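Descriptive structure summary
Read off the chains here:
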Amino acid sequence: FSRARHNLAAMATERVEEAVKEVVDAVAGAAAAEAAASKADGGIDHGLMVAYAFLLIMAIVPIYVGSHKSVKTEEQKKKERESDEKPDVMTHSDAAYFPFYASGALFTLYVLFKVFGKEYVNLLLGGYFFLLGVGSLTMSARPFVAPLLPRVFFAKKFSFRLFGVNEDKPTEPPTDVIQQDFDYCDVVCLAIAAAVGVWYLLTKNWIANNLFGLSFSVEGVALLQLGSFQIGAVLLGGLFFYDIFWVFGTDVMVTVAKSFDAPIKVIFPKDLLANGLLGAKDFAMLGLGDIVIPGILVALLLRFDVSRGTGSKLYFHATYFAYIAGLVTTIVVMHVFKAAQPALLYLVPFCLLTPFLLSLVRGEVADLFKYHDEPEEENEGKEDIKSE
């Protein structure tokens, strides 16, 4: 009797398990069917919308921060005048040749990926971008780390110097090739940046990638200076056609972007809501060039606003919001046509036409074209030559 009761209980348990399994399978099938029907009917993919929103944020924040960082204080200007170092400013020839240099570098990477495979190329370039990323993140981290440290971290200053000898004049004393002043706060920032670098090298985590990518963007916008609005127009105009050709005309740009496993882009998971922070595998991306290239023009217009001494940032704000409109247009077109888009196709017209039309309406075209991102002494010298 006890054995029969045991068998009956076992049979009942098996049937309950089968019933539960059937219910679970039915619910899962219904959910999948509902999701497919929702997408077929034009339903909203919330994960994709979140990814697009964060890509937009990761593009506009570095431009805003980098633009304001590019504006030098009076103390910084004084130090530049007292030292022999002059800021590197892009010239007309630099801007004109840049798309050709970029095309050569892009196609070289494409060939390397095809011939040697992405594993070996990424391994070779990994160390290079590790050093660049650590240096960039060290500079970007200081404003966030400094307020958290006690004063003792800023009390003592150190200086790193690398000397060089002039081969043409070997009897002259050596000169500084590299001089970098730092304190304990910089050492802490360097340690944090190195930890992020090791994290990225070992895991290729998307968060570590974005920390490097955002720091590259901020420092790039802050340090790269266009000589004038005209030079910016030449640069962006050339890259406008560069982007269209390599995206629409060939598979080179898309292949390199997907194969190049380096922090040259900001990414965000489209499946974050479904798979969580650590389980995400499907990513949307935006190249750093689509942030930095228009960003240096936006930064130029902020410095133009500041140079006028009116307290207004009209040109900066107008072009900044034009960039946002151009990027939103890019995302919408990409989403509608389900295909990669050359972002500069939309960003360049928005960013170039907006300040030009604004200056045209306000009667300030001459002022906009006359502004130059050059040291004051050089500008004075040029004016003297013209007057003579």
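Note that the structure is a prediction, hence the values are computed from the model and not measured. (Residues numbered from 1 in each chain as written. Predicted model: local features only at pLDDT ≥ 70, side-chain atom pairs only at ≥ 80, totals over all residues. Heavy atoms only, no water.)

1. Some remarks on the side chain of E219
Relative to the helices and strands, E219 is located in helix 8 (residues 206-223). On the accessibility criterion, E219 (5% relative accessible area) is buried. At a separation of 2.9 Å, a polar atom in the side chain of E219 contacts the side chain of S140. The residues contacting E219, other than those within four sequence positions of it, are K69, S136, M139 and S140. (Helix = DSSP H or I, 4+ residues; strand = E, 2+ residues; numbered from the N terminus. Buried < 20%, exposed > 50% of the residue type's maximum accessible area, 1.4 Å probe, protein only. Polar contact = N/O pair within 3.5 Å; in protein donor to acceptor, adjacent residues only side chain to side chain. Contact = heavy atoms within 4.5 Å.)

2. Quick word on the environment of K338
Here K338 lies in the loop between helix 13 (314-337) and helix 14 (344-362). At 3.4 Å, the side chain of K338 forms a polar contact with the backbone oxygen of H335.

3. A word on the pattern of salt bridges
Scanning the model with the defined rule gives eight salt bridges in all. R142 is the partner of D186 in a salt bridge, and the nearest nitrogen-oxygen pair spans 2.9 Å. Taken as a pair, D186 in helix 7 (residues 184-203) and R142 in helix 5 (residues 118-145) lie far apart in primary sequence, 44 residues in all. Owing to a relative accessible area of 25%, R142 belongs among the partly exposed residues under this scheme. Among the salt bridges present, the one from R362 reaches E364, with a minimum N-O distance of 3.2 Å. A relative accessible area of 42% places R362 in the partly exposed class. Judged by its relative accessible area of 11%, E364 is buried. Among the charged side chains, a salt-bridge network with shared partners connects R142, K157, D183 and D186. (Salt bridge = Lys/Arg side-chain N within 4 Å of Asp/Glu carboxyl O.)

4. What to know about the packing of helix 13 against helix 14
Relative to each other, helix 13 and helix 14 sit at 150°, their axes nearing to 8 Å. Comparing the axis directions of helix 13 and helix 14 gives the class roughly antiparallel. Relative to helix 14, the crossing made by helix 13 is right-handed. Only Y346, L347, F350, C351, T354, P355, L358, S359 and R362 of helix 14 make contact with helix 13, whose side of the interface consists of L314, Y315, A318, T319, A322, Y323, A325, G326, L327, T329, T330 and V333. A class-by-class count of the residues in the contact of helix 13 with helix 14 yields 14 nonpolar, six polar and one charged. (Axes fitted to C-alpha atoms, helices over the stretch in contact; angles between N-to-C directions. Parallel < 35°, antiparallel > 145°, perpendicular 65-115°, else oblique. Left-handed = near helix turned anticlockwise from the far one by under 90°. Nonpolar A, V, L, I, M, F, W, Y, C, P; charged D, E, K, R; others polar.)

5. Description of the packing of aromatic side chains
Per the counting criterion, the structure on display carries 20 aromatic pairs. Here the aromatic rings of F129 and F260 are separated by 5.6 Å at their centres, their planes lie at 80°, and the arrangement is edge-to-face. Of this pair, F129 sits in helix 5 while F260 sits in the loop between helix 10 (252-259) and strand 5 (265-269), and the two are 131 residues apart along the sequence. The exposure class assigned to F260 is buried, which follows from its relative accessible area of 5%. Taking the centre distance of 5.8 Å and the plane angle of 70° together, the rings of Y320 and F321 count as edge-to-face. Taking the relative accessible area as the measure of exposure, Y320 reaches 9% and is therefore buried. Site record: aromatic cluster; members linked through ring pairs are F54, W206, F268 and F283. (Phe/Tyr/Trp six-rings, centres within 6.5 Å; stacked < 30°, edge-to-face > 60°.)

6. Quick word on the environment of K157
Here K157 shows up in the loop between helix 6 (152-155) and strand 2 (158-164). On the basis of relative accessible area, K157 is assigned to the exposed category, the value being 58%. In this view, K157 contacts F182 and D183; residues no more than four positions away in its chain are not counted. Within polar-contact distance, the side chain of K157 engages the side chain of D183 at 3.2 Å.

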